[in-house]
Amino acid sequence: MNNPLIVAHRGASYAAPENTIPSFKLAFKEKADFIEGDFWLTKDNEIVCIHDPDTKRVTEEKIKVKVRSSTLSELRKLDVGSWKGIEYKGIRIPTLQEVLQIIPERKRIHIEIKDDRELFLKKLVEILKQFPIPNDHLPKGHQVRIIFFNPTIVQLAKKYLPEIKTYWIFGWDFSKKKCLKSLAQRRLMQTLRTINSDGIDLNAAIYIDEKLVKSLRENNLDFCAYDVEKVEDAIRLINLGVNSITTNSPFKMREEIESVIARNKAIS
Ligand code: G3P
Ligand code: CA
């Protein structure tokens, strides 16, 4: 059984305020291989790290400031730490550059683009040139991965940054029971081929099976999974050959996976 790469979803967001420097630092302390963060472009063309299009959910006083129509300095006035705990009072929204600067050697980042404007990609190219992440043992372009829900943007991102691995994020709509598994799998593979994606980031749903993973492998596509909070889900995905799993609790997840692996070894 392989031990997959662990991606810390919005940092170690189970404990620290999501998408902030403390959350990313804690993730690395908890031995995550990757951090994952969500990014938007501000009115004055700065790339900032926040999940929602506005600040309401991550401010204690529920202050709704729209990210795309505000400047960096306007956004920086807001405290995005207190809502998670008093010890995080005064924490500010970080820029992409600030996040890149704290990535230690041999660690990596999933940049989730939330902003679907082409200008975002232009700015991203500029920043990634200025802030190369230490290029240690990893092949060129492997320190950063770009992920996006909109397949059209994945295709565009690949044109702007051909050396960087770019994955399409897909969430199975299982609650509505809308999609027939085989049909959905066929469409999914078709889209992946059309957009020239390097792989897929799927939520940990029951629809992921051997057939789908076989098609992904035959097409030389990476297979990542997100929303993995239960060790049973992680083990099922590992048995299917997942490359990385994205979780809010990197240390706990790693410990639980390793203990299952050790138990299995002892039995065999
Ligand atoms: O890895 C994909 C995952 O981050 C997408 O979910 O809602 O956290 O952006 P969300
Ligand atoms: Ca995300």
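Just so you know, these numbers come straight off a predicted model, no measurement behind them. (Residues numbered from 1 in each chain as written. Chains lettered and ligands numbered in written order. Predicted model: local features only at pLDDT ≥ 70, side-chain atom pairs only at ≥ 80, totals over all residues.)

Asker: With reference to specific residues and values, describe the overall build of the protein chain.
Answerer: Scanning the protein chain from terminus to terminus reveals 9 helices and 9 strands. Here the C-alpha atoms of the protein chain give a radius of gyration of 19 Å, agreeing with the 18 Å that 2.2 N^0.38 yields for 268 residues. Referenced to the eigenvectors of the C-alpha coordinate spread, the extents of the protein chain come out at roughly 55 × 45 × 40 Å. Each of the 268 residues in the protein chain was classed as buried or not, and the buried ones make up 41%. A separation threshold of at least 6 residues defines the contact pool for the protein chain, and within that pool the share at least 24 residues apart is 61%. (Helix = DSSP H or I, 4+ residues; strand = E, 2+ residues; numbered from the N terminus. Rg over C-alpha atoms; globule rule 2.2 N^0.38 Å. Buried ≥ 20, exposed ≤ 12 C-beta atoms within 10 Å, placed from the backbone. Contact = placed C-beta atoms within 7 Å.)

Asker: Please set out the site of ligand 1 residue by residue, giving values where relevant.
Answerer: Around ligand 1, a shell composed of H9, E36, D38, H51, E112, I147, I169, D201, Y226 and T246 is seen. A class-by-class count of the residues in the shell around ligand 1 yields 3 nonpolar, 3 polar and 4 charged. (Near = placed C-beta within 6 Å. Nonpolar A, V, L, I, M, F, W, Y, C, P; charged D, E, K, R; others polar.)

Asker: Give a detailed account of the nonpolar core, specifying residues and quantitative values.
Answerer: In this structure, V48, F148, I200, A225 and L237 are the most contacted members of the largest nonpolar core, which totals 68 residues. Considering each element in turn, this core owes the most residues, 5 residues, to strand β2 (residues 34-41). Contacts of A225, omitting those with residues within four sequence positions, involve L202, A204, L237, V242, I245 and T246. (Core = buried A, V, L, I, M, F, W, Y, C linked by C-beta atoms within 7 Å.)

Asker: So, the pairing of strand β9 (residues 244-247): which residues are in play, and what are the values?
Answerer: Of the two faces of β9, the one holding S244 and T246 and the one holding I245 and T247 are both buried throughout. Across 4 bridges, strand β1 (residues 5-9) lies against β9 in parallel orientation. Residue pairing for β9: I6 is matched across the bridge by I245. Across 2 bridges, the pairing between strand β8 (residues 222-226) and β9 is parallel. (Pairing = 2+ DSSP bridges.)

Asker: Kindly report on helix α8 (residues 231-240), identifying the contributing residues and their values.
Answerer: Within the sequence span of α8, burial applies to D233, A234, L237 and I238. For α8, the buried positions fall inside an angular range of 135 degrees around the axis, keeping them on one side. Counted as exposed and oriented over 90 degrees from the buried face of α8: E232 and N239. Buried positions along α8 lie against β8, β9 and α9 (250-267). (Arc of directions from axis to C-beta.)

Asker: Which residues make up helix α4 (residues 118-130), and what values go with them?
Answerer: Compared with an ideal rise of 1.5 Å per residue, which puts 13 residues at 18 Å, α4 spans 19 Å between its outermost C-alpha atoms and is within 8% of the ideal. Turning to α4, its buried residues number three or more, namely F120, L121, L124 and L128. Buried residues along α4 cover an arc of 95 degrees about the axis, so they all sit on one side. In this structure, α4 carries E118, L119, K122, E126, K129 and Q130 as exposed residues pointing more than 90 degrees from its buried face. Against β2, β3 (47-49), β4 (108-113), β5 (144-148) and α5 (151-160) lie the buried residues of α4. (Expected span 1.5 Å × (residues − 1).)

Asker: Summarise unusual backbone geometry; cite the residues concerned and give the values.
Answerer: One non-glycine residue with positive phi stands out, namely N19, at about 55 degrees. If you trace the backbone, N19 turns up in the loop between β1 and α1 (21-29). Residue N45 is not a glycine yet carries a positive backbone phi of 60 degrees. Along the chain, the position of N45 falls in the loop between β2 and β3. The class for N45 is partly exposed, based on 13 C-beta atoms found within 10 Å.

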